Amino acid sequence: AQSVAQPEDQVNVAEGNPLTVKCTYSVSGNPYLFWYVQYPNRGLQFLLKYITGDNLVKGSYGFEAEFNKSQTSFHLKKPSALVSDSALYFCAVRDRGGGGADGLTFGKGTHLIIQP
Amino acid sequence: DVKVTQSSRYLVKRTGEKVFLECVQDMDHENMFWYRQDPGLGLRLIYFSYDVKMKEKGDIPEGYSVSREKKERFSLILESASTNQTSMYLCASSPSYNEQFFGPGTRLTVL
């Protein structure tokens, strides 16, 4: 079984400061890892993914995430937060060893609030 | 760009009604998914399909069924809607082993 934990329901950051949204995962094999963002009353938008290779992954809107196998983490980061980054962020995992087209397992989401 | 569309953004139904939620994708993806999203619970997988006429149960299939008669269309059916099925429903599609692309969601209210 696979699972994802986002330990913070809400993260508050001042505009211009660096931000981190935390994610840890559990899979039996090797993971595919994803970050999505959701703006109010909208569907989820893909931000970035880790499949294999470089542990630092760069994605949309200046976001990046670092895969840490020993800590089973995939934290989302941005060097300088914008007010427009305020949204709901979801981490998701899929076991690379899983067959077929299994759905992703999502965390419960973290509300990111950027204060002007 | 991949486009996933859902038939309604907002829907209000009465308890006991049969409800159809439609999802269409235009990128010839093999895989399609239905999730429901509830505050504090994140997204939970209801059903998915990896081919036409194929379907697999997700984590919470009870009270739901699905239909995939054509590759681009994946329907979610609530046979007899209940108030605990009030939720945001999200459809997604993906090519194999890759990120999923989501529709805008349907906010369903069952009275």
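Here the structure is a predicted model, which is why all the values come from computation and not from measurement.

1. Structural notes on the pairing of strand 8 (residues 64-68) of chain A
A regular strand places its side chains so that they alternate between the two faces of the sheet.
Residue and element names in this part refer to chain A.
Okay, step 1: The pairing of strand 7 (residues 56-58) with strand 8 spans 3 bridges and is classified as antiparallel. Pairing of lysine 58 across the sheet is with glutamate 64, part of strand 8.
Okay, step 2: What sits between the antiparallel neighbours strand 7 and strand 8 is a turn of 5 residues, in which tyrosine 61 has the positive phi angle 60 degrees.

2. Brief notes about the environment of proline 7 of chain A
All names here are of chain A.
Okay, step 1: Counting through the fold element by element, proline 7 comes out in the loop between strand 1 (3-5) and strand 2 (10-14).
Okay, step 2: Here proline 7 falls in the exposed class, since its relative accessible area comes to 58%.
Okay, step 3: Residues proline 7 and valine 21, 14 residues apart in the sequence, show an inter-C-alpha distance of 9.0 Å.

3. Examining the sheet that holds strand 1 (residues 4-6) of chain B
Residues and elements named next belong to chain B.
Okay, step 1: Across the sheet, which stays open at both edges, the 4 strands sit in the order 1-3-8-7 with antiparallel pairing between neighbours. Of all the strands in the sheet, the pair left with one neighbour each is strand 1 and strand 7 (64-70). Between one strand and the next, the sheet's axes are offset by a mean angle of 20 degrees, whatever the strand orientation.

4. Details of the packing of aromatic side chains
Okay, step 1: Applying the stated criterion across every chain yields a total of 14 aromatic pairs over all chains.
Okay, step 2: Where phenylalanine 34 of chain A meets tyrosine 36 of chain A, the ring centres are 6.5 Å apart and the plane angle is 35 degrees; that geometry is what we call tilted. No difference in accessibility class separates phenylalanine 34 of chain A from tyrosine 36 of chain A, as the two residues are buried.
Okay, step 3: Ring geometry for tyrosine 36 of chain A versus phenylalanine 102 of chain B: centroids 5.4 Å apart, planes at 80 degrees, classification edge-to-face. Of this pair, tyrosine 36 of chain A sits in strand 5 (residues 31-38) while phenylalanine 102 of chain B sits in strand 10 (residues 101-102), placing the two residues on different chains. As far as the burial class goes, tyrosine 36 of chain A and phenylalanine 102 of chain B line up, both buried.
Okay, step 4: Feature note: the residues Phe34, Tyr36, Phe46, Phe90 and Phe106 of chain A together with Phe33, Tyr35, Phe48 and Phe102 of chain B constitute an aromatic cluster, connected by ring pairs.

5. Structural notes on the pairing of strand 11 (residues 106-110) of chain B
All names here are of chain B.
Okay, step 1: Of the two faces of strand 11, only one is covered, namely that formed by Thr106, Leu108 and Val110; the face formed by Arg107 and Thr109 stays uncovered.
Okay, step 2: Direction of pairing for strand 2 (residues 10-13) relative to strand 11: parallel, over a ladder of 4 bridges. Counted as the bridge partner of leucine 11 is leucine 108 from strand 11.
Okay, step 3: Here strand 9 (residues 87-94) pairs with strand 11 via 3 bridges, running antiparallel. Its bridge partner lying in strand 11, methionine 88 is registered against arginine 107.

6. Thoughts on the pattern of salt bridges
All names here are of chain B.
Okay, step 1: Following the criterion strictly, the structure yields 9 salt bridges over all chains and no others.
Okay, step 2: Here glutamate 22 and arginine 73 are joined by a salt bridge, their closest N and O atoms 4.0 Å apart. Separated by 51 residues along the polypeptide, glutamate 22 in strand 3 (residues 19-25) and arginine 73 in strand 8 (residues 73-78) bring together distant segments of the chain.
Okay, step 3: Look at the salt bridges and you will find they share partners, linking Arg36, Asp38 and Arg44 into a network.

7. Some thoughts on the state of the cysteines
Okay, step 1: Applying the stated rule across the entire model yields 2 disulfides over all chains.
Okay, step 2: The disulfide partner of cysteine 23 of chain A is cysteine 91 of chain A, and the gap between their sulfur atoms is 2.0 Å. Note on the cysteine 23 of chain A and cysteine 91 of chain A pair: the S-S dihedral is about -60 degrees, so by sign convention the disulfide is left-handed. Placement of cysteine 23 of chain A in the loop between strand 3 (19-21) and strand 4 (24-26) and of cysteine 91 of chain A in strand 10 (residues 87-95) is noted, with a sequence separation of 68 residues between them.
Okay, step 3: In this model cysteine 23 of chain B forms its disulfide with cysteine 91 of chain B; the gap between the sulfur atoms is 1.9 Å. Sign of the S-S torsion, about -75 degrees for the bond between cysteine 23 of chain B and cysteine 91 of chain B, identifies this disulfide as left-handed. Of this pair, cysteine 23 of chain B sits in strand 3 while cysteine 91 of chain B is found in strand 9, placing the two residues 68 residues apart along the sequence.
Okay, step 4: Accessibility expressed as a relative area gives 0% for cysteine 91 of chain B, which makes it buried.

Conventions adopted
Residues numbered from 1 in each chain as written. Chains lettered and ligands numbered in written order. Predicted model: local features only at pLDDT ≥ 70, side-chain atom pairs only at ≥ 80, totals over all residues. Heavy atoms only, no water. Pairing = 2+ DSSP bridges. Helix = DSSP H or I, 4+ residues; strand = E, 2+ residues; numbered from the N terminus. Buried < 20%, exposed > 50% of the residue type's maximum accessible area, 1.4 Å probe, protein only. Axes fitted to C-alpha atoms, helices over the stretch in contact; angles between N-to-C directions. Phe/Tyr/Trp six-rings, centres within 6.5 Å; stacked < 30°, edge-to-face > 60°. Salt bridge = Lys/Arg side-chain N within 4 Å of Asp/Glu carboxyl O. Disulfide = S-S within 2.5 Å.

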